[in-house]
Amino acid sequence: MTDPAILSINPGTTTTRCALFAVNGAQVTALAEEMLDHDDTVMARFSAIADQLEFRAGRVAGFLDRHLGACRLVACAGRGGMLTPVPSGVIAVNDALVDFALHRPVYHHASNLGAPLAHRIAQAHGVPSYVVDPVSVDELSPVARLSGVEDLPRFSFVHALNIRACGRRLAADLDKPFDEIRAVVAHLGAGFSIAALLGGRLVDSSNRMEISPFTPERAGGLPPLPLIELCYSGKYSKEALLKRLYGQGGVYGYLGTRDMRRVEKMIEDGNERARLIHDAMLYQVGKAIGAMAAVTGFDLDAIVLTGGLAHSARVADTLRARTRALAPLHIYPGSDECLALAQGAARVLAGQEAPLTWPVTPPRQVA
């Protein structure tokens with residue numbers, strides 16, 4: 001009998017990361033992984049992200065042809081994309097979810113192709129498909145949702161997939177049930193999410209589109225009155241200003257680079273402006289960790305540092321020093337979304353977790 005396997009699909013702007021995992025109960029083991037690069041000239045032919053589906057599905061099918069071998073596919077898991085607010089967990093992909101992701105997403109982003117791609121490949125193999133912990137996981141309590149302006153409520157847009165995977169990893173390291181973990185998880189990549197994880201739920205976060213610290217390429221939270229003045233100054237169109245805030249903001253706006261390894265080299269070479277910008281970014285991260293610790297009543301098992309910047313000893317040492325009075329710092333560098341996707345699907349197949357059905361009932365609000 002052939003061995004069962006799960007396929008994970010994580011679409012990026014000009015890439016599609018695919019990974020194949022052997023599955024044994026709720027445990028998965030990596031078999032193969034590839035980053036499928038898509039040439040800019042090819043992608044430019046598509047007028048909309050949804051139009052890329054057939055092209056990318058062909059590339060994913062090619063990955064399977066190269067690596068599935070004697071295994072049999074038992075499930076596909078795709079990146080969740082920009083959905084409406086949902087509870088954390090695994091969502092079974094159906095035609096309605098595919099239609100929403102392709103034609104009515106909250107924001108247009110390549111990750112919206114995760115569910116359609118998983119569904120397309122799964123149908124060809126006669127197996128189920130899932131998405132796991134999309135960025136729209138919203139479990140904010142009512143008190144956290146108030147912003148101070150009634151028609152501008154706070155909402156959650158968070159790196160839920162990696163944050164909850166890190167929470168499970170922390171639970172295993174501490175030999176404690178996941179739903180009893182009390183932690184602040186700081187995901188530091190191109191975008192930042194600093195979240196309070198309590199009882200398996202993301203009860204609050206420094207929304208990466210609201211009040212997050214500035215990042216390698218995003219402006220983060222900004223002083224509102226100067227921002228309003230800038231909006232009406234006539235200097236920028238709406239599109240140009242959004243681009244300046246998201247993509248050309250943060251470290252890039254100050255130093256002209258998003259590569260934090262280059263910034264650290266600038267610091268080593270004596271560039272004091274680079275040092276100031278880097279210090280300011282981590283200063284804001286430390287403040288956000290402290291704010292999320294306050295959400296827990298400063299009763300924490302740990303602080304978790306994850307994402308690409310967690311590879312940096314300078315980042316880790318700085319944040320360890322800033323947060324040492326709060327809780328021990330656990331470092332899980334990088335962000336293995338493909339593994340987290342496969343683990344979510346495996347929990348469902350093993351009967352450890354029941355999948356949600358789209359459309360998903362909005363998250364229960366916890367007082």
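Residues numbered from 1 in each chain as written. Predicted model: local features only at pLDDT ≥ 70, side-chain atom pairs only at ≥ 80, totals over all residues. Heavy atoms only, no water.

Undergrad: Account for the overall build of the protein chain, naming residues and giving values.
TA: Helix and strand content of the protein chain: 13 helices and 12 strands. Overall, the C-alpha framework of the protein chain stretches about 60 × 50 × 50 Å when taken along its three principal axes. Per-residue burial over the protein chain gives 51% buried out of 367 residues. Look at the contacts in the protein chain between residues 6 or more apart in sequence, and 68% of them connect residues 24 or more apart. In the structure as shown, the protein chain presents an accessible area of about 17000 Å², 53% of it carried by carbon and sulfur atoms. Each charge class in the protein chain was averaged separately, 36 positive and 37 negative side chains, and the resulting centres sit 3 Å apart. (Helix = DSSP H or I, 4+ residues; strand = E, 2+ residues; numbered from the N terminus. Buried < 20%, exposed > 50% of the residue type's maximum accessible area, 1.4 Å probe, protein only. Contact = heavy atoms within 4.5 Å. Areas by Shrake-Rupley, 256 points an atom, 1.4 Å probe, with all protein chains shown as cover. Lys, Arg positive; Asp, Glu negative; His and termini not counted. Charge placed at Lys NZ, Arg CZ, Asp CG, Glu CD.)

Undergrad: Which residues make up the packing of helix α11 (residues 272-295) against helix α12 (residues 313-323), and what values do they have?
TA: When two helices pack together, their arrangement is captured by the angle between the axes and the distance separating the axes. Taken N-terminus to C-terminus, the directions of α11 and α12 make an angle of 45 degrees; their axes are 10 Å apart at the nearest point. Taken together, α11 and α12 sit at an angle that is classed as oblique. For α11 against α12, the interelement crossing comes out right-handed. Contact residues: R275, H278, L282, Y283, V285, G286 and I289 in α11; R314, V315, T318, L319, R322 and T323 in α12. Partitioning the contact of α11 with α12 into residue classes produces six nonpolar, four polar and three charged. (Axes fitted to C-alpha atoms, helices over the stretch in contact; angles between N-to-C directions. Parallel < 35°, antiparallel > 145°, perpendicular 65-115°, else oblique. Left-handed = near helix turned anticlockwise from the far one by under 90°. Nonpolar A, V, L, I, M, F, W, Y, C, P; charged D, E, K, R; others polar.)

Undergrad: An account of the sheet that holds strand β8 (residues 192-198) is requested, with residue identities and associated values reported.
TA: Sheet strands pair by backbone hydrogen bonding; their relative direction is either parallel or antiparallel. The sheet built from five strands is open, its strands ordered β9-β8-β7-β10-β11 with mixed pairing. Bordering the open sheet on either side are β9 (201-205) and β11 (329-333), each of which pairs with just one other strand. Sheet twist, expressed as the average angle between the axes of neighbouring strands with direction ignored, equals 25 degrees. Bridge analysis of β8 against β9 gives four bridges, and the strand direction is antiparallel. Among the inter-strand pairings, A196 is bridged to a residue of β9, identified as D204. Where α11 meets the sheet, it contacts β7 (182-188), β8, β9 and β10 (302-307), and its direction lies at approximately 20 degrees from that of β8. (Pairing = 2+ DSSP bridges.)

Undergrad: I'd like a description of the environment of G286, backed by residues and values.
TA: Topologically, G286 is positioned in helix α11. Under the relative-accessibility criterion, G286 is labelled buried at 14%. If sequence neighbours within four positions are ignored, G286 has contacts with L319 and R322.

Undergrad: Tell me about the environment of D279, and name the residues and values.
TA: Note that D279 resides in helix α11. Sequence separation between D279 and T318 is 39 residues; the distance between their C-alpha atoms is 8.7 Å.

Undergrad: Describe in detail the pattern of salt bridges, supporting the description with residues and values.
TA: Summed over the entire model, instances satisfying the criterion amount to 16 salt bridges. Here D299 and R182 are joined by a salt bridge, their closest N and O atoms 3.4 Å apart. With D299 in the loop between α11 and β10 and R182 in strand β7, the pair connects residues that are 117 residues apart, well separated along the chain. Judged by its relative accessible area of 43%, D299 falls in the partly exposed class. (Salt bridge = Lys/Arg side-chain N within 4 Å of Asp/Glu carboxyl O.)

Undergrad: An account of helix α4 (residues 114-125) is needed here, citing residue identities and associated values.
TA: Since the α-helix advances by 3.6 residues per turn, residues separated by three or four positions end up pointing in the same direction. Under the 1.5 Å per step criterion, the end-to-end length of α4 is 17 Å for 12 residues, consistent within 8% with the ideal 16 Å. Of the residues making up α4, those classed as buried are G114, A115, P116, L117, A118, H119, I121 and A122. Against the buried residues of α4 lie β1 (4-11), α2 (53-67), β4 (72-78), α3 (95-103) and β6 (129-132). With its phi angle positive at about 70 degrees, G126 sits one or two positions after the end of α4. (Expected span 1.5 Å × (residues − 1).)

Undergrad: Explain the sheet that holds strand β5 (residues 90-92) residue by residue, including any values.
TA: Within the open sheet, the seven strands sit side by side as β3-β2-β1-β4-β6-β5-β12. Their pairing is mixed. Among the strands making up the open sheet, the edge pair consists of β3 (27-37) and β12 (356-357). Sheet topology places β5 next to β12; two bridges connect them, and they run parallel. Bridge assignment links I91 to a residue of β12, and that residue is L356. With respect to the sheet, α4 is in contact with β1, β4 and β6, its orientation differing from that of β4 by roughly 165 degrees.

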